[in-house]
Amino acid sequence: MNPLVRSVRDFCVSLRLTVILLALSLILVFASTLAQVDLGIYAVQEEFYRSFVAIWQVGGIFIPLPGGYLVGGLLLINLLSAHIYRLKLEWRKAGIQLTHSGLIVLLLGELFTGLWQEDFQMTISEGETKNYSESFRLYELAIIDTTDPKMDEVVAIPDSKLAGAALVQHPKLPFRVATKAYYPNTTLARRDAAALSPAAAAVPVATRGVGSSVAVTPLPLTYKMNEMNVPSAVVELIGDEGSLGSWLVSPHLGAPQTLSHAGRTWRVELRIARAYKPFSLQLLKVTHDIYVGTDLPKNFSSRIKLTTPDGRDDREVLIYMNNPLRYGGYTFFQYQMDSSRGQTGLQVVRNPSWLLPYIACIMMTFGLLLQFGLSLRAFIAKRRATAKSVVV
Amino acid sequence: MAAVCFSASGCRDPEVTTYRVSKETPPAASAAAKGPAAAGPTTMANTTVPTTDGESLTWTAPAHWQAKPATAMRKGSYAVPTDGGPPADLSITAFPGDVGGEPANINRWRGQIQLAPASDADLATAITRFENSGLTFAVVDFENAQQRVLGAIIPFRGSTWFVKLTGPATELTKEKPAFLAFLKTVKPPSTP
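Just so you know, the residues in each chain are numbered from 1, in the order the chain's sequence is written. Each chain is given a letter, starting from A, and each ligand a number, starting from 1, according to the order in which they appear as written. Since the coordinates come from a predicted model, pLDDT governs what is reported: local features require at least 70, and pairs of side-chain atoms require 80 or more to be given and counted, while whole-chain, interface and lining totals use all residues. Remark: hydrogens and water are excluded; side-chain values derive from all non-hydrogen atoms of the structure.

A. Structural detail: helix H4 (residues 169-184) of chain B. All names here are of chain B. Across its 16 residues, H4 extends 22 Å between first and last C-alpha, which sits within 8% of the 22 Å expected from 1.5 Å per residue. Values of bend correspond, residue by residue, to the angle between axes fitted over the seven residues ending at that residue and the seven starting there. Under the scheme used here, helices are H or I runs from DSSP no shorter than 4 residues and strands are E runs no shorter than 2 residues, and both carry numbers assigned from the N terminus. At Glu175, H4 shows its maximal bend, which comes to roughly 50 degrees, and the proline Pro177 appears one to four places after that position. Buried means the residue's accessible area, taken with a 1.4 Å probe over protein chains only, is under 20% of the maximum for its type, while exposed means over 50%, and partly exposed covers the values in between. Buried within H4 we find Ala169, Glu171, Leu172, Glu175, Ala178, Phe179, Phe182 and Leu183. In this scheme, a helix's expected span is set at 1.5 Å multiplied by one less than its residue total.

B. Representation of the environment of A:Pro66. Residue and element names in this part refer to chain A. Along the chain, the position of Pro66 falls in strand S2 (residues 61-66). Sequence separation between Pro66 and Leu21 is 45 residues; the distance between their C-alpha atoms is 9.5 Å. The contact partners of Pro66, leaving out residues within four places of it in the chain, are Leu24, Leu28, Phe52, Ala54 and Val71. Residue contacts are defined here by distance: any two heavy atoms, one from each residue, within 4.5 Å place the two residues in contact.

C. Main features of helix H2 (residues 102-112) of chain B. Among the residues making up H2(B), those that are buried are B:Asn105, B:Ile106, B:Asn107, B:Arg108, B:Trp109 and B:Arg110. Structurally, H2(B) contributes buried residues whose contacts are with strand S8 (186-190) of chain A together with helix H3 (120-126), strand S8 (135-143), strand S9 (147-156) and strand S10 (159-168) of chain B.

D. Structural context of empty space enclosed by the protein. Residues and elements named next belong to chain A. Here a cavity is any set of points on a 1 Å grid over the protein atoms alone where a 1.4 Å probe fits but cannot get out, and a pocket is any open set with protein on both sides within 12 Å along at least 5 of 7 lines; a residue lines the site when it has an atom within 4 Å of a point. Grid points are joined across faces, edges and corners, and a volume is the space filled by probe spheres set on the points. This model, assessed by the stated rule, comprises two cavities of 30 Å³ or more. There is about 40 Å³ of room inside the second largest cavity. Lining the second largest cavity are Arg191, Val203, Pro204, Val205, Ala206, Gly211, Val214, Val216, Val234 and Leu248.

E. Structural view of the environment of A:Thr265. All names here are of chain A. Summarising the element assignment, Thr265 is placed in strand S13 (residues 264-290). Given the relative accessible area of 29%, Thr265 is considered partly exposed. In the structure, Thr265 is positioned 118 residues away from Thr147 in sequence and 5.2 Å away in space, judged by C-alpha atoms. Those residues in contact with Thr265 that sit more than four places away from it in its chain are Ile144, Asp145, Thr146, Thr147, Leu259 and Ser260.

F. Fine view of the sheet that holds strand S7 (residues 128-132) of chain B. Residues and elements named next belong to chain B. By the convention used here, strands pair only if DSSP detects at least 2 bridges between them. The strand order S4-S5-S6-S10-S9-S8-S7 describes an open sheet built from seven strands, whose pairing is antiparallel. Because the sheet does not close on itself, it has two edges, and the strands there are strand S4 (66-67) and S7. Looking at chain direction, S7 and S8 are connected through five bridges and run antiparallel. In the strand pairing of S8, Thr128 is matched with Val139. Sitting on the sheet, H4 is in contact with strand S5 (76-80), strand S6 (88-96), S7, S8, S9 and S10, with an inclination near 150 degrees to S10. Whenever a helix is involved, its axis is fitted only over the stretch in contact; in every case the axis is a line through C-alpha atoms, and angles between N-to-C directions fall within 0 to 180 degrees.

G. Broad picture of the nonpolar core. To define a nonpolar core, start from buried Ala, Val, Leu, Ile, Met, Phe, Trp, Tyr and Cys residues and group those joined through side-chain atoms within 4.5 Å. Grouped together as the largest cluster of nonpolar side chains are 27 residues, with contacts concentrated most on B:Leu90, B:Val163, B:Phe182 and B:Leu183. B:Leu183 has contacts with B:Phe130, B:Asn132, B:Phe137, B:Val139, B:Ala152 and B:Val163, leaving out every residue within four places of it along the chain. Within the second largest apolar cluster, 22 residues are counted, among which are A:Ile157, A:Leu162, A:Val177 and A:Leu259.

H. Region of interest: the packing of helix H1 (residues 3-13) of chain A against helix H3 (residues 68-85) of chain A. Residues and elements named next belong to chain A. For the pair H1 and H3, interaxial distance at closest approach is 7 Å and the crossing angle is 110 degrees. Our classification of the angle between H1 and H3 gives roughly perpendicular. In this structure, H1 contributes Arg9, Cys12 and Val13 to the contact, and H3 contributes Ile77, Asn78, Ser81, Ala82 and Tyr85. Here the term charged refers only to Asp, Glu, Lys and Arg, the term nonpolar to Ala, Val, Leu, Ile, Met, Phe, Trp, Tyr, Cys and Pro, and the term polar to all other amino acids, Gly among them. For the contact of H1 with H3, the per-class residue count stands at five nonpolar, two polar and one charged. Orientation labels follow simple angle bins: below 35 degrees gives roughly parallel, above 145 gives roughly antiparallel, 65 to 115 gives roughly perpendicular, and whatever is left gives oblique.

I. Expanded view of the sheet that holds strand S11 (residues 242-249) of chain A. Residues and elements named next belong to chain A. Within the open sheet, the four strands sit side by side as S6-S7-S10-S11. Their pairing is antiparallel. Among the strands making up the open sheet, the edge pair consists of strand S6 (167-168) and S11. Where strand S10 (residues 232-239) and S11 come together, seven bridges link them in antiparallel fashion. Following the sheet pairing, Val234 is matched in S11 by Leu248.

J. Looking closely at the confidence of the model for chain B. Residues and elements named next belong to chain B. A residue's pLDDT is the confidence the predictor assigns to it, expressed on a 0 to 100 scale. Confidence in the prediction of chain B, expressed as mean pLDDT, is 75, and 74% of residues score 70 or more. The secondary-structure element of chain B with the lowest mean pLDDT is strand S2 (residues 44-48), recorded at 35, while S8 shows the highest, at 92. Interface scoring of the predicted complex returns ipTM 0.71; its pTM is 0.60.

K. Examining unusual backbone geometry more closely. Residue and element names in this part refer to chain A. Look at Ala262: it is not a glycine, yet its phi comes out positive at around 55 degrees. In this fold, Ala262 is placed in the loop between strand S12 (257-261) and S13. For Asn322, which is not glycine, the phi torsion reads 65 degrees and is therefore positive. Looking at the secondary structure, you find Asn322 in the loop between strand S15 (314-320) and strand S16 (325-327).

L. Representation of the pattern of salt bridges. What counts as a salt bridge is simple: a side-chain nitrogen of Lys or Arg found within 4 Å of a carboxyl oxygen of Asp or Glu. By the definition in use, this model includes 25 salt bridges over all chains. Here A:Lys161 and B:Glu15 are joined by a salt bridge, their closest N and O atoms 3.8 Å apart. Taken together, the positions of A:Lys161 in helix H5 (residues 159-163) and B:Glu15 in the loop between helix H1 (2-11) and strand S1 (17-22) put the pair across two chains. Taking the relative accessible area as the measure of exposure, A:Lys161 reaches 21% and is therefore partly exposed. Counted as one network, the salt bridges with shared partners bring together A:Glu140, A:Arg267, A:Glu269 and A:Arg271.

M. Structural view of the layout of surface pockets. Residues and elements named next belong to chain A. Computed from the structure, the second largest pocket encloses a volume of approximately 460 Å³. Looking at the second largest pocket, it is lined by 19 residues, and the ones nearest its centre are Leu79, Ala82, His83, Arg86 and His100. Elements supplying a minimum of two residues to the lining of the second largest pocket: helix H2 (15-49), H3 and helix H4 (94-116). Taken together, the residues of the lining of the second largest pocket sort by class into 10 nonpolar, six polar and three charged.

Right under this line is the structure:
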């Protein structure tokens, strides 16, 4: 065998690599737990676990660490290589092989969850019907053709595209969208009321809409759990015959901004990213029970009417703690509640690989039971043989 | 493995999407109507809205106005239905100080519906003033061919509150009495 191939093989199947990777996992968990104080859980998940290299900041020192994808990926390679290299189809090794296979499924499950899971929320008021959920942190520039009196035609441009300062051209739009400026976290004030800070003065002024009278002050990104980054952008719409003007867009702006072009009317807004569903939920009633004589919450529940446009489903469901609604590949968990305003907040999760951790646990349980069972049987057989030989 | 991760990570970058949806109806006013009830005319939705912590005005919106969620810029926001057309928009905002004074703000509103700035002398005759619940209201009403603005400027304890209704000119003619009645419900928080 080629010495290079052999050394790569030996590296991949090495038990020493397994131990080093497990030790690195411990360090990663330790560092990310401390980093969570400043960054919050979401940023920690993204920067430490869903990355190849994590940077841990301790005071003013930046310490590079292998990220979750690197450690997990190498562990997976290590496990798979060892599995293949040492594979012997023997009954007495079936338990170990099943356990290791379960571990592989578990690692893959985490990878797929990181890649595919969608995590949204849906806030509904009593009597209101909604057929979309909203992101916890992503925004989108919605350019909505409102000409049709019944239907809106929406082109949703993710904020990551605006942040990249790209020129967006789409067949459904008779103009191109150019980002003149994008700020991921901002505060707004009335321009004539605010003494402009240097940062606010550097922001381009919109030529159309309310933006010309608004001062935008960029803020540092926040990672706190109870705060949200609220972006603002100045976008220029460019038609065939030149610029149509530039607009300031921000979720902070309450008033809709419209324009007429090519005989159609459009609304432009930067809003929390939406995910529309092929069904709708109407909130019938929220219930917030407390233990008698105390303010301690006993139960939160939301009575929901679930309907599909084709009439196939039209039923009431009760969502409460630990009793989510599972429908259409989505899971709706009771997440927040403001019973004084008759509002409920549902967490909406879609994870096509949600079954994998369960399958992995079942495989590992059976693998270990099989392995211990076989060992026990061998042990008992050995003892009996020993006892017989002593008697003889 | 790394290639799988890189390529799959690329798939996570969201793309431009398009879809058709039914027009949204503004959220039912019932959500906002859960606040403490105010004593007011029976035609009102009985929604006293505490707008900010501390020194903030309260008001009672007409029953047919549909409350929209307040934003960082707006203390109150309503969709005012019109006959068949898009709803008119009512905003309530507040800023510290005099925000440049009445003429600057009224001319800013005029600019929003493509009207030329008016001189101080013209504005002096265009502003209708009245007092209610200890507050001074400066009310203006102007229109271009399509759009009309009904506005009120209310100084209150070192800040200035703005109430502005923008919509189709013909529709706001019908809405003006309700707008003026609404202004009469605007009160300092301690006023019964």
